[in-house]
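Summary of the model geometry
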Amino acid sequence: MAKRDVDIVVISDVHLGTYGCHAKELLQYLKSIRPKQVILNGDIIDIWQFSKSYWPEAHMKVVRRILKFVTEGIPVYYLTGNHDEMLRKFTDFNLGKFQLLNKILLPVGDKKAWIFHGDVFDVTMQHSKWLAKLGAIGYDTLIIINSVVNWFLTAAGRQKMSFSQKIKGKVKEAVKFINHFEQTAADLAVDKGYDYVICGHIHHAEIRQIQSANGAGSVLYLNSGDWVESLTALEYNRNEWTIFKYSAANFSSEPDEEDSSDNDELHSSLDVKVLLEKFKLEQH
């Protein structure tokens, strides 16, 4: 499969280390592109729900693929989110082309993009973190149940469905929260004079121009979605932003010639497990 050239790719809410993560699909996507810059916009590794008993090979391969970008000289910016917030104590860490940050102001052509995860707008995160973590556990359980139902739907030749997306779409408070999140991000970006504001966190991919509440101007709001349900990423190429949505039909099921390198030294994933377990213990 020929690789696509992409100037910038933005990925968020992968949640490596959880049952809902679509690591195999993400790996296929990462192998299909040749990016000039990679933005990992939070919740890439889910330290909240990390368990040493669940770290599949595919999850480690995603980490290795990202590191491969770094070794190839491609700038990779890891912006922290709420599920990997333990990494915030190491922000401003630089290692070659890899940078760990909380947010970044990135020049995109002659415009300025303000990029951050977005959990700072979440009241639950600020005042009731225990409630947010409880909700995360419930969400992960819902994803597991959903995957079982989808297995039976696929076997019956029927289309898959997403429980949580249906819930979000029908519950007024969920829709209201998303709208408020987007408007708040846009208002702040307009005040700061930025052209783009790019977030993750709410698992809702979007690109749209938003007018500030005070009428002072507008900004292009973008959200990269997630790799739990939506399987989406943001791509910037030829002066245009687009939402990439994964579809299995667009990818070959046959392993390519690079798969052998992905399997090399996978025992090193044990070190990653130990490191993540230490991060998780430090939260308590």
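Only a predicted model underlies this, so the values are computations on that prediction, with no experimental measurement involved.

1. Re the overall build of the protein
Looking only at helices and strands, the protein has 8 helices and 12 strands in total. Of all 284 residues assigned to the protein, the portion counted as buried reaches 49%. Counting every atom, the protein has about 14600 Å² of accessible surface; 55% of that belongs to carbon and sulfur.

2. Points about the pattern of salt bridges
For the structure on display, the rule yields 6 salt bridges. K68 is the partner of E72 in a salt bridge, and the nearest nitrogen-oxygen pair spans 3.7 Å. On the accessibility criterion, E72 (46% relative accessible area) is partly exposed. A salt bridge links E182 to R208; its shortest N-O distance comes to 2.7 Å.

3. Structural notes on the packing of aromatic side chains
Enumeration according to the criterion identifies 10 aromatic pairs in this entry. Here F244 and F251 contribute two aromatic rings whose centre-to-centre distance is 6.5 Å and whose plane-to-plane angle is 80°, an arrangement assigned as edge-to-face. You'll find F244 and F251 in the same group, each marked buried. Taken together through their ring pairs, the aromatic side chains of Y29, W227, F244, Y246 and F251 make up a single cluster. The positively charged end of K192 is found above the aromatic ring belonging to W114, 5.4 Å away from the centroid.

4. With respect to the environment of L95
Structurally, L95 can be placed in strand β4 (residues 93-95). With a relative accessible area of 56%, L95 lands in the exposed category. Sequence-wise, L95 and V70 are 25 residues apart; in three dimensions their C-alpha atoms are separated by 9.1 Å.

5. Things to note about the nonpolar core
Counting residues in each nonpolar core, the largest one holds 38 residues, and the members touching the most others are I11, L16, Y29 and W227. Looking at this core element by element, the count peaks at 7 residues for helix α2 (residues 57-71). Once residues within four sequence positions are removed from consideration, L16 is found in contact with C21, A23, I44, I45, D46, W55, H59, V62 and V63. In this structure, L79, L101, L234 and W241 belong to the second largest nonpolar core, which totals 18 residues.

6. Regarding unusual backbone geometry
Even without a glycine there, the phi angle at H203 is positive, about 55°. A positive phi angle, close to 55°, is found at R238, a residue other than glycine. Checked against the element boundaries, R238 lands in the loop between β11 (232-237) and β12 (240-245).

7. Some words on the pairing of strand β6 (residues 103-108)
By the alternation rule, side chains of β6 split into I104, L106 and V108, which are all buried, and K103, L105 and P107, of which none is buried. As paired strands, β6 and strand β7 (residues 111-116) are joined by 6 bridges and run antiparallel to one another. Across the sheet, I104 pairs through a bridge with I115, a residue of β7. Taking the residues between adjacent antiparallel strands as the criterion, β6 and β7 are bridged by 2 residues, where G109 takes a positive phi near 65°.

8. Some remarks on the environment of D46
By the secondary structure assignment, D46 is in the loop between β2 (33-41) and α2. Exposure remark for D46: the relative accessible area of 0% places this residue in the buried category. It is 8.0 Å that separates the C-alpha atoms of D46 and V14, two residues lying 32 residues apart in sequence. Not counting the four nearest positions on each side in its chain, D46 is found in contact with H15, L16, T18 and H83. Of the polar contacts made by the side chain of D46, one reaches the side chain of H83; its length is 3.0 Å.

Conventions and cut-offs
Residues numbered from 1 in each chain as written. Predicted model: local features only at pLDDT ≥ 70, side-chain atom pairs only at ≥ 80, totals over all residues. Heavy atoms only, no water. Helix = DSSP H or I, 4+ residues; strand = E, 2+ residues; numbered from the N terminus. Buried < 20%, exposed > 50% of the residue type's maximum accessible area, 1.4 Å probe, protein only. Areas by Shrake-Rupley, 256 points an atom, 1.4 Å probe, with all protein chains shown as cover. Salt bridge = Lys/Arg side-chain N within 4 Å of Asp/Glu carboxyl O. Phe/Tyr/Trp six-rings, centres within 6.5 Å; stacked < 30°, edge-to-face > 60°. Lys NZ or Arg CZ within 6 Å of the ring centre and 35° of its normal. Core = buried A, V, L, I, M, F, W, Y, C linked by side-chain atoms within 4.5 Å. Contact = heavy atoms within 4.5 Å. Pairing = 2+ DSSP bridges. Polar contact = N/O pair within 3.5 Å; in protein donor to acceptor, adjacent residues only side chain to side chain.

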